[in-house]
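Structure assessment
The primary structure of each chain is shown beneath.
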Amino acid sequence: MTDIVTGAAGFIGSHLAEELLKEGRDVVGIDNFHPYYSEEIKRQNLKEVKETAKDTEGDFTFVDGSILEDESLEKLPSEPAKVFHNAAVAGVRNSIENPSEYAKQNLLGLSKLLDSFEDIGKFVFASSSSVYGMVPEEELPVKEDRELDPIAPYPQSKKHGEEMVQLYSELYDFEYSIVRYFTVYGPRQRPDEAFTKFIQMILNDEPVTIYGDGEQSRDFTYVKDIVNGAIKASEAQGSDTYNIGSQRRITVNEMVETLDEVMDENVEKTHVEQPEGDARHTHANIQKAKDKLDYAPEKDFEQGVKDCVEWAKKMKSKGLI
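A brief structural summary.

**Section: the nonpolar core**
One finds Phe 60, Tyr 181, Phe 195, Phe 198, Val 208, Ile 244 and Leu 259 to be the most contacted residues of the largest nonpolar core, which totals 70 residues. Ranked by residue count, the leading element in this core is helix α11 (residues 301-317), at seven residues. Apart from residues lying up to four places away in sequence, Ile 244 is in contact with Val 179, Arg 180, Tyr 181, Phe 182, Thr 221, Asp 225, Ile 226, Gly 229, Ile 286, Ala 289 and Tyr 295.

Here is the structure:
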């Protein structure tokens, strides 16, 4: 049987497709190359997935289309073994400026996708740590049973997406795993996200722009650890929700210091006002994922940063960032 990966040309989706292929799985990927960021970067990601497929026992088929379009959905297997749903418009700040796009892509798209299957072995829904909203620092790390309190349209769409998956599961009798990802970083990260954006600034001899005092912290989780968590969640019995994080918090200032050390640059910093919609701190309690999935993050933060820098330099040499 075949697995489906939506958003297969994106950051997490492309890594996930590659890992499934390495496990010998047959994968059908779909992506609509949404213009939120460069199609050229996604085409490069897709090229790497196809190259990986050549060296594995798994077969990779790609559907260039949208989960909003019936003709694209008809090209997907109607009874997939597993569906890894990553396709979504991301970005908290952008969602404040374009809320209706998030409802259309992230909710209507999810509904149409779920409607298109006759049977699903397991549905893995990529959610976000941002569904928790502003969690006071003294109440961290956050557990899965905490009440959700999104503060922008993007996390609101993820909260509603979780509810939709749970409802459809009850109505149509399939199992799901909801995986709440915490601040994913690594090669292929979106250009508007902190690591890629900061590395570009440093490579262009520009000052790094830090929001607020830089003491806000994130549970930075390496993309391969995220993928490992998603695959383990797809193998779990029953339906449940899991935090997938790194077990640590790192401030933005510490992140920039690490970039400074890795790139051997005297990074110039400038501070600007903190925009709306961003949580001050994120930190996952991952005990449930440890106990039920045997999940354990492995990537050393400094090595992960080195991987980001190496990828960004390669993309810059190709003129892609």
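**Looking at helix α7 (residues 194-203)**
Taken as a whole, α7 has its buried residues at Phe 195, Thr 196, Phe 198, Ile 199, Met 201 and Ile 202. Along its buried surface, α7 packs onto β7 (184-185), β8 (208-211), α9 (252-263) and α11. Looking one or two residues beyond α7, the residue adopting positive phi is Asp 205, at roughly 55 degrees.

**Comments concerning a negative patch on the surface**
Together, Glu 79, Glu 118, Asp 119 and Asp 173 make up a negatively charged patch on the protein surface. Counting through the fold element by element, Glu 118 comes out in the loop between α5 (99-115) and β5 (123-128).

**Let's talk about the packing of aromatic side chains**
The full count for this structure, using the stated rule, is 13 aromatic pairs. Between Phe 220 and Phe 301, the ring centres sit 6.0 Å apart and the planes meet at 35 degrees, which makes this aromatic pair tilted. Taken together, the positions of Phe 220 in the loop between β9 (217-218) and β10 (221-222) and Phe 301 in helix α11 put the pair 81 residues apart, joining distant regions of the chain. Residues Phe 220 and Phe 301 agree in their burial class; the two are buried. The lysine or arginine in question, Lys 42, covers the ring of Tyr 37, its NZ or CZ lying 4.4 Å from the ring centre. The ring of Tyr 222 has Lys 299 sitting right over it, with the charged end atom 4.7 Å from the ring centre.

**Quick notes on the layout of surface pockets**
Empty space among the atoms becomes visible once a probe the size of a water molecule is rolled across them. Quantified by volume, the second largest pocket comes out at close to 200 Å³. The wall of the second largest pocket is formed by His 15, Glu 18, Lys 22, Glu 48, Thr 52, Pro 187, Arg 188, Lys 224, Asp 307, Glu 310, Trp 311 and Lys 314. Among the elements of the structure, α1 (11-22), α2 (39-54) and α11 are those that each provide at least two residues to the lining of the second largest pocket. For the lining of the second largest pocket, the element with the most residues is α11, which contributes four residues. Residues of the lining of the second largest pocket, tallied by class, amount to two nonpolar, two polar and eight charged.

**Some points on the pairing of strand β2 (residues 26-31)**
Across the six residues of β2, five count as buried, placing the element largely inside the fold. Looking at chain direction, strand β1 (residues 2-6) and β2 are connected through five bridges and run parallel. Following the sheet pairing, Asp 3 is matched in β2 by Val 27. Tracing the backbone out of β1, into α1 and back to the parallel element β2 gives a crossover that is right-handed. Pairing between β2 and strand β3 (residues 60-64): five bridges, direction parallel. Among the inter-strand pairings, Asp 31 is bridged to a residue of β3, identified as Asp 64. For the crossover that starts at β2, traverses α2 and ends in the parallel β3, the hand is right-handed.

**Describing a nonpolar patch on the surface**
A cluster of nonpolar side chains, namely Leu 167, Leu 171 and Tyr 172, defines an oily patch on the protein surface of about 340 Å² accessible area. Mapped onto the fold, Leu 167 is located in helix α6 (residues 153-172). The exposure class assigned to Leu 167 is partly exposed, which follows from its relative accessible area of 45%.

**Digging into the packing of α9 against α11**
At their nearest, the axes of α9 and α11 sit 10 Å apart, and the two run at 65 degrees to each other. As α9 packs across α11, the resulting crossing turns out to be right-handed. In this structure, α9 uses Met 255, Thr 258, Leu 259, Val 262 and Met 263 to contact α11, whose residues at the interface are Phe 301, Glu 302, Val 305, Lys 306 and Val 309. Partitioned by chemical class, the residues of the contact of α9 with α11 number seven nonpolar, one polar and two charged.

Cut-offs and rules
All residue numbers refer to position in the chain's written sequence, counted from 1. pLDDT decides what is reported in this predicted model: residues at 70 or higher carry local features, side-chain atom pairs at 80 or more are listed and counted, and totals for whole chains, interfaces and linings draw on all residues regardless. Water and hydrogen atoms play no part in the side-chain values, which are based on all heavy atoms of the structure. Buried Ala, Val, Leu, Ile, Met, Phe, Trp, Tyr and Cys residues that are joined via side-chain atoms within 4.5 Å together make up what is termed a nonpolar core. Working definition: with a 1.4 Å probe on protein chains only, accessible area under 20% of the residue-type maximum means buried, over 50% means exposed, and in between means partly exposed. To qualify as a helix, a DSSP run of H or I must reach at least 4 residues; to qualify as a strand, a run of E must reach at least 2; elements of each kind are numbered from the N terminus. Whether two residues are in contact is decided by their heavy atoms, any of which lying within 4.5 Å being enough. To count toward a patch, a residue needs a relative accessible area above 30% and no salt bridge. Like charges then connect within 9 Å, nonpolar side chains (Val, Leu, Ile, Met, Phe, Trp, Tyr) within 5 Å. A 1.4 Å probe and the Shrake-Rupley method give the accessible areas. Residues count as covered only by the protein chains that appear here. Salt bridge, as used here, is a side-chain nitrogen of Lys or Arg placed within 4 Å of a carboxyl oxygen of Asp or Glu. Counting rule applied: Lys, Arg positive; Asp, Glu negative; His and chain ends not counted. Every charge is mapped onto a representative atom, which is NZ of Lys, CZ of Arg, CG of Asp or CD of Glu. Between rings of Phe, Tyr and Trp, where Trp is taken as its six-membered ring, a pair exists when centres lie within 6.5 Å; planes separated by under 30 degrees are stacked, by over 60 edge-to-face, and by other angles tilted. Whether a charge sits over a ring comes down to the Lys NZ or Arg CZ being within 6 Å of the ring centre and within 35 degrees of the ring normal. Only protein atoms enter the 1 Å grid used here. Points where a 1.4 Å probe fits but cannot escape make up a cavity, open sets with protein on both sides within 12 Å along at least five of seven lines make up a pocket, and a residue lines them when an atom lies within 4 Å of a point. Grid points are joined across faces, edges and corners, and a volume is the space filled by probe spheres set on the points. In this classification, the charged set is Asp, Glu, Lys and Arg, the nonpolar set is Ala, Val, Leu, Ile, Met, Phe, Trp, Tyr, Cys and Pro, and all remaining amino acids, among them Gly, are polar. Two strands pair under a simple rule: DSSP has to find at least two bridges between them. Note on handedness: a clockwise path from strand one over the helix to strand two, with the strands aimed away from the viewer, defines a right-handed crossover. Here, axes are lines fitted to C-alpha atoms. For helices the fit covers the stretch in contact, and angles between N-to-C directions go from 0 to 180 degrees. Less than a right angle of anticlockwise turn of the near helix away from the far helix marks a crossing as left-handed, whereas a clockwise turn marks it as right-handed.

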